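Chain and residue survey
Spelled out, the chains give:
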Amino acid sequence: MKIRDTYILRSVAGENLVVAVGANVNFNSVMTLNETGKFLWEKLTADTTKEALIDALLSEYDVDKETAERDVSAFIEKLKINNILE
């Protein structure tokens, strides 16, 4: 899975904002990401798997596996609902 080319992450006034780009994009709201969301987003700029995201989260943050799995699943679901993943 990977972030669609029609979405980019920008830092504006200290906030991590997902921005839709291109002429045929239908994105009526702004998505703000915390630092963990930004970390996962950056991993998703290249094709990756859910398992790789969980492993990356475990390596980067002091979090248990169950929490990492739950957080990655919730993040992926949010991206899917907004049609941000390829």
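Residues numbered from 1 in each chain as written. Predicted model: local features only at pLDDT ≥ 70, side-chain atom pairs only at ≥ 80, totals over all residues. Heavy atoms only, no water.

Turning our eyes to something else, we now look at the pairing of strand β1 (residues 7-12). Direction of pairing for β1 relative to strand β2 (residues 15-20): antiparallel, over a ladder of six bridges. Each bridged residue has a counterpart across the sheet, and for L9 the counterpart in β2 is V18. In this structure, the hairpin formed by β1 and β2 is closed by a connection of two residues, where A13 is found at a positive phi of approximately 50 degrees. (Pairing = 2+ DSSP bridges. Helix = DSSP H or I, 4+ residues; strand = E, 2+ residues; numbered from the N terminus.)

This part is about unusual backbone geometry. Phi is positive for A13, close to 50 degrees, though the residue is something other than glycine. Turning to its location among the elements, A13 is positioned in the loop between β1 and β2. Classification of A13 by relative accessible area gives exposed; the value is 80%. If you check the backbone angles, N83 has positive phi at about 55 degrees while not being a glycine. (Buried < 20%, exposed > 50% of the residue type's maximum accessible area, 1.4 Å probe, protein only.)

All buried positions along helix α2 (residues 50-60) are accounted for by L53, I54, A56 and L57. Mapping the buried residues of α2 onto a view down its axis gives an arc of 160 degrees, with all of them on the same face. In α2, the exposed positions angled more than 90 degrees off the buried face are occupied by E51 and S59. Residues of α2 that are buried in the fold lie against α1 (35-43) and α3 (65-81). (Arc of directions from axis to C-beta. Contact = heavy atoms within 4.5 Å.)

We now examine the sheet that holds β1. Here we have three strands laid out as an open sheet, ordered β1-β2-β3, and antiparallel in their pairing. For this open sheet the edge positions go to β1 and β3 (31-33), each flanked by a neighbour on one side alone. For this sheet the average axis-to-axis angle between neighbouring strands, irrespective of direction, equals 35 degrees. In the sheet, β2 pairs with β3 via three bridges, with the strands oriented antiparallel. Pairing of L17 across the sheet is with T32, part of β3. (Axes fitted to C-alpha atoms, helices over the stretch in contact; angles between N-to-C directions.)

Geometric descriptors of this kind do not, in isolation, establish any biological role.
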